Amino acid sequence: MVTSVRSETIQHKAKKASIALAGNPNSGKTTLFNQLTGTNQHVGNFPGVTVEKKEADIKGGGEYLSKREAGRITLVDLPGIYSLSPYSMEEVVARDYIIKEKPDAIVNIVDVMNIERGLYLSLQLMQLDTPMVIALNMMDELRENHGSVDIGLLSEKLGVPVVPISASRKEGLGELLETVMRVAEDGQRPQVQDFCTGAVHRAIHAVGHLIEDHARAIGVSPRFAATKLIESDPPLLDELCLNEHERHTIDEAVVYMQAEAGTDRKAAVADMRYEFIGEAVGASVEKPHTTLHQNRSTKIDGLLTSKFLGIPIFFGVMALIFWLTFEVIGEPLAEGLGGLFDMGGEAAAGALEAMGVSPVVQAFVEGALFTGVGTVISFIPMIIVMFFFMSLLEDTGYMARVAFIMDKALRRLGLSGRSIIPMILGFGCTVPAIMSARTLSSERDRRVTIMLTPFMSCTAKLPIYGAIAAAFFSEFTGLLILSLYALGVGVAVVVGIIVSRFVYRGNPVPFIMELPTYRAPSVRTVSILLWQRTKDFLHRAFTIIFVATIVIWFLQSFDSGLNMTVVQADSILAAAGGAIAPLFAPLGFGTWIFATAIIAGFVAKETVVSCLAVLTGAASILSLEAALQGLMTPLQAYSFLVFCLLYTPCVAAIGVTGKELGSKAAALYMVLRQTAIAWVVSFVVYQVGMVVIGT
């Protein structure tokens, strides 16, 4: 039974108590956050899932806290970090929150299977002099592999309370909450903050006395500040506002320390921390045997991360996913759902006619709602199937391997393997992919990655691919989709080389990434991801796409005198689309219908399909296929797909690009750049295709 936590002190506080969750990437922070708050934040078996802090109240109602108590306590899930050095956006977010927002307590989640690495961050957190509890996570795995921890002795050695938990199995969470609330209420600060000996000890104490007043003035622990200055922390050095004499004294202390320690400043501090950790762990932890999971992971990595087979296997896996999504599973389900919307549209039209409803309303319901929005929604099965397989790859830990094997290739673009994570996320949605570039420690790498990510084909384009492929390339849909994804990556490579050599020159930062143990996919994690993506798609379908479809229907149904048109060529939309259609004539699709669909795609890429459905009068996926076959050839269709693949992302992605780069001009430049590149590549595809066909 889980014990309810009593928190009388916090109940009488004017503000909510804040508890910060801090820990290494992939240590179980977000899983713990979800369990305690009842939220469904995305959990992934690779680093970089959380790119900004997330907040929620602890779940009330009796499982852990009463509703009254829970409403007064906020958990903050910080990005996964390995240290408090401000060299990446995750470290900046976590450090700034703890130092400036001053949470009531810190829960430091440590993966007990990698305890030394986890405690390296713990020692830095302890020096912040904030009430703190260490949650030893994954204790179930430790027990299963015949390891053990003397919790009392480890807590004594570290000077902070240590609580064993298993976040995924909800073990020890009640005790953890009891402990952290007691620590927060009592203001119980870490009892051990001096981990050093010898030369490092003397340097830190000397610098600590020198900067004590400066550190307290900015609300930072003098010991934390002194240790960071010894390591070299330029942002903190500037924030302390030291004079030239004080800076010179610190430099001298570092020089003496390095000479005595026989190593550089950062290595000396790291050695000091690991020496302390080694003694504490050696006395209190019985290491587990080499686990079956670890042995299996090592054997699998011998194949999947192979120098010669790694990349071909990755492309083979993606080809299999596309084949299953678009030919075996997704397409039949999409056609079945489309048939239901077709029947619904006919039934609605018949009912409205029987009721004597205005023909205009009948046309709106059948044309805008069932034809426009319904056609887009029909592609939900494909999107669900695609995300199902992608979430499996992520949850097993394979995506981390993809980043590893792509590191060498990306270095030729002047990027590190870590940039592959935003790009992979870009295959899902460009918006969070661009936001995840915050995790890159180099500003140069971040800007180049943001520039290249929109070339990755997001799932919003799947309805376009599905509709065109079904009409012209039904016998090899999977290969067609793979070719588009590969083309997007190829264009990104070319643009990346040009940009790295002529715009953002420089070398990529070193890439260090944990390869997590392969794990069986979690049903809960996969289900959460599928629901979030499906909900997002439906939200877009019934908001942005719905409004865009209504506008398109209205413009193609009325002429400039607001009279219902008999011939669509006389409509307002035909006039507007016809004005820009000549721009696309060299690409093979220079008609007002396709020009209009491309413009609609600026709002949301799914709108391209709803626009085509409305403009062609198609009542279902099958009738849309027939209509498209009468409007273009397979070569023209492929050229259209290439343009849709490469041209500017949706308005949401444009907005987040401007926000992340801090410039609306940068976002506008992205729109123009992507559209120009799309035009050139589509032009080459069509013109070369015409030459080949002509020969």
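Residues numbered from 1 in each chain as written. Predicted model: local features only at pLDDT ≥ 70, side-chain atom pairs only at ≥ 80, totals over all residues. Heavy atoms only, no water.

## So, the overall build of the chain
Going by this rule: Only DSSP runs of H or I reaching four residues or more are called helices, and only runs of E reaching two or more are called strands; each is numbered from the N terminus. Relative accessible area decides the class of each residue, using a 1.4 Å probe on protein chains only: under 20% of the type maximum gives buried, over 50% gives exposed, and in between gives partly exposed. Any two residues having at least one pair of non-hydrogen atoms within 4.5 Å are treated as being in contact. Only the protein chains shown count as cover for residues, and all accessible areas are computed by the Shrake-Rupley method using a 1.4 Å probe.
Counting secondary structure elements, the chain contains 33 helices and 8 strands. Across the 695 residues in the chain, those meeting the buried criterion constitute 56%. In the chain, 75% of the contacts between residues at least 6 apart in sequence involve partners at least 24 apart. For the chain, the exposed area adds up to about 28,500 Å²; of that, 62% sits on carbon and sulfur atoms.

## Focus on a negative patch on the surface
Let me state the cut-off plainly: Here, patches come from residues exposed beyond 30% relative accessible area and free of salt bridges, joined within 9 Å for like charges and within 5 Å for nonpolar side chains (Val, Leu, Ile, Met, Phe, Trp, Tyr). Note on definitions: salt bridges are taken to be side-chain nitrogens of Lys or Arg within 4 Å of carboxyl oxygens of Asp or Glu. His is not counted here, nor are the chain ends, while Lys and Arg score as positive and Asp and Glu score as negative. Here the site of a charge means atom NZ of a Lys, CZ of an Arg, CG of an Asp or CD of a Glu.
On the surface, a cluster of negative charge is made up of Asp264, Asp271, Glu275 and Glu279. With respect to the helices and strands, Glu275 occurs in helix α13 (residues 265-284).

## Quick notes on the packing of helix α24 (residues 477-502) against helix α31 (residues 634-646)
What counts, and what does not: Only C-alpha atoms enter the line fits that serve as axes; for helices the fit covers just the stretch in contact. Angles between N-to-C directions range over 0 to 180 degrees. Just so you know how the angles are binned, under 35 degrees is roughly parallel, over 145 roughly antiparallel, 65 to 115 roughly perpendicular, and the rest oblique. Take the far helix as the reference: if the near one is turned anticlockwise from it by less than a right angle, the crossing is left-handed, and if turned clockwise, right-handed.
α31 packs onto α24 with a crossing angle of 45 degrees between their chain directions and a minimal axis gap of 10 Å. As the angle between them shows, α24 and α31 are arranged oblique. Like other packed secondary-structure pairs, α24 and α31 cross with a definite hand, here right-handed. Contacts from Leu480, Ser483, Leu484, Leu487, Gly488 and Val491 in α24 reach Tyr638, Leu641, Val642, Leu645 and Leu646 in α31.

## Re the nonpolar core
Rules: Take the buried Ala, Val, Leu, Ile, Met, Phe, Trp, Tyr and Cys residues and link them wherever side-chain atoms come within 4.5 Å; each set so joined is a nonpolar core.
Formed by 96 residues in total, the largest nonpolar core has its most connected members in Ile420, Ile464, Tyr465, Ile468, Phe589, Leu612 and Phe640. With residues up to four places along the chain from it excluded, the contact list for Phe640 reads Ile464, Ile468, Phe589, Phe594, Ile598, Val608, Leu612 and Met632. By size, the runner-up hydrophobic cluster in this structure holds 65 residues, among which are Leu121, Met132, Ile151 and Val281.

## Concerning a nonpolar patch on the surface
A cluster of nonpolar side chains, namely Leu320, Trp323, Val328, Ile329 and Leu333, defines an oily patch on the protein surface of about 440 Å² accessible area. With respect to the helices and strands, the residue Trp323 is situated in helix α15 (residues 310-354). Residue Trp323 is classed as partly exposed on the basis of its relative accessible area of 42%.

## Details of the packing of aromatic side chains
To keep it simple, the criterion reads: Under the pairing criterion, centres of Phe, Tyr and Trp rings, with the six-membered ring standing for Trp, must be within 6.5 Å; the plane angle then separates stacked pairs below 30 degrees from edge-to-face pairs above 60, leaving the rest tilted. We count a charge as sitting over a ring when the NZ of a lysine or the CZ of an arginine lies within 6 Å of the ring centre and within 35 degrees of the ring normal.
For the coordinates displayed, the defined rule picks out 15 aromatic pairs. Taking the centre distance of 5.0 Å and the plane angle of 55 degrees together, the rings of Phe195 and Phe276 count as tilted. With a gap of 81 residues between them, Phe195 in the loop between α8 (173-186) and α9 (198-217) and Phe276 in helix α13 connect regions that are remote in the sequence. Taken together, the aromatic side chains of Phe584, Phe589, Phe594, Phe602, Phe640, Phe643 and Tyr647 make up a single cluster linked through ring pairs. One cation-aromatic arrangement involves Arg273 over Tyr120; the distance from NZ or CZ to the ring centre is 5.2 Å. A cation sits over an aromatic face here: Lys605 above Tyr647, 4.5 Å from the ring centre.

## Regarding the environment of Gly262
Within the secondary structure layout, Gly262 lies in the loop between α12 (244-261) and α13. Using a relative accessible area of 63% as the deciding quantity, one classes Gly262 as exposed. For Gly262 and Ala199, which are 63 residues apart along the polypeptide, the C-alpha to C-alpha distance reads 9.9 Å.

## Some details on the confidence of the model for the chain
Under the convention used in this document: pLDDT: the predictor's confidence for each residue, scored from 0 to 100.
For the chain, per-residue confidence averages 80 on the pLDDT scale, and residues scoring 70 or more make up 83% of the total. Note that residues 1-14 has pLDDT below 50 and, in this model, 35 contacts with residues that lie over four places away or in other chains. Predicted confidence is poor over residues 42-50, with pLDDT under 50, and the contacts of this stretch with residues over four places away or in other chains come to 37 contacts.

## Some points on the pairing of strand β3 (residues 73-77)
Looking down a regular strand, the side chains alternate between one sheet face and the other. We count it as follows: Paired strands, in this sense, are two strands between which DSSP finds at least two bridges.
Buried residues dominate β3, accounting for 5 of its 5 residues. Neither face of β3 is exposed, since Ile73, Leu75 and Asp77 on one face and Thr74 and Val76 on the opposite face are all buried. Bridging between strand β1 (residues 17-23) and β3 involves 5 bridges; their strand directions are parallel. Bridge pairing in β3 links Ala17 to Ile73. Bridge count between strand β2 (residues 54-57) and β3: 4 bridges; the pairing is antiparallel. Considered in β3, the bridge of Asp57 is made with Thr74.

## As for the environment of Ser419
Along the polypeptide, Ser419 turns up in the loop between α19 (407-411) and α20 (420-426). Taking relative accessible area as the criterion, Ser419 reaches 0% and is therefore assigned buried. With 31 residues separating them in the primary sequence, Ser419 and Ile450 have C-alpha atoms 9.3 Å apart.

## Notes on α8
Filter applied, for reference: Helices are assigned an expected span. That span is 1.5 Å times one less than the residue count.
Given a rise of 1.5 Å per residue, 14 residues ought to cover 20 Å, and the 20 Å separating the end C-alpha atoms of α8 matches this to within 8%. Three or more residues of α8 are buried, namely Leu173, Gly174, Leu176, Leu177, Thr179, Val180, Met181, Val183 and Ala184. Gly187 occupies a position one or two residues after α8 and carries a positive phi of about 65 degrees.

## Overview of the pattern of salt bridges
Opposite charge on two side chains permits pairing when their charged atoms draw close. Overall, the coordinates contain 12 salt bridges when judged by the stated rule. The salt bridge involving Glu144 is made with Arg169; its shortest N-O contact spans 2.9 Å. Linking Glu144 in helix α6 (residues 139-144) with Arg169 in the loop between β7 (162-164) and α8, this pair joins segments that are 25 residues apart in sequence. Given a relative accessible area of 45%, Arg169 falls into the partly exposed group.

## Describing α12
Three or four residues apart is the spacing at which side chains of an α-helix point the same way, because the helix has 3.6 residues per turn. This is how the line gets drawn: An arc is given here, and it is the one of the directions from the helix axis to the C-beta atoms.
Given a rise of 1.5 Å per residue, 18 residues ought to cover 26 Å, and the 26 Å separating the end C-alpha atoms of α12 matches this to within 8%. Along α12, the residues that are buried comprise Glu246, Ile250, Ala253, Val254 and Met257. Within α12, the buried residues cover an arc of 100 degrees as seen down the axis, which keeps them to one side. Residues of α12 that are exposed and angled more than 90 degrees away from the buried face: Glu244, His245, Val255, Tyr256 and Ala259. Of the surrounding elements, those touching the buried residues of α12 are α9, α10 (222-231) and α13. Gly262 occupies a position one or two residues after α12 and carries a positive phi of about 75 degrees.

## Considerations on unusual backbone geometry
The phi dihedral of Asp129 is positive, around 60 degrees, even though this residue is not glycine. Relative to the helices and strands, Asp129 resides in the loop between α5 (115-126) and β5 (132-137). In this structure, Ser232 takes a positive phi of about 95 degrees despite not being glycine. Its location among the elements puts Ser232 in the loop between α10 and α11 (234-239).

## Concerning the packing of helix α2 (residues 29-37) against α8
Here is the rule: Gly counts as polar in this scheme, as do all residues outside two lists: the nonpolar Ala, Val, Leu, Ile, Met, Phe, Trp, Tyr, Cys and Pro, and the charged Asp, Glu, Lys and Arg.
Put simply, α2 and α8 touch, their axes get as near as 12 Å, and they point 90 degrees apart. Taken together, the axes of α2 and α8 are roughly perpendicular relative to one another. Between α2, through Leu32, Gln35 and Leu36, and α8, the contact on the second element is made entirely by Leu173, Leu176 and Leu177. Residue composition of the contact of α2 with α8, grouped by class: 5 nonpolar, 1 polar and no charged.

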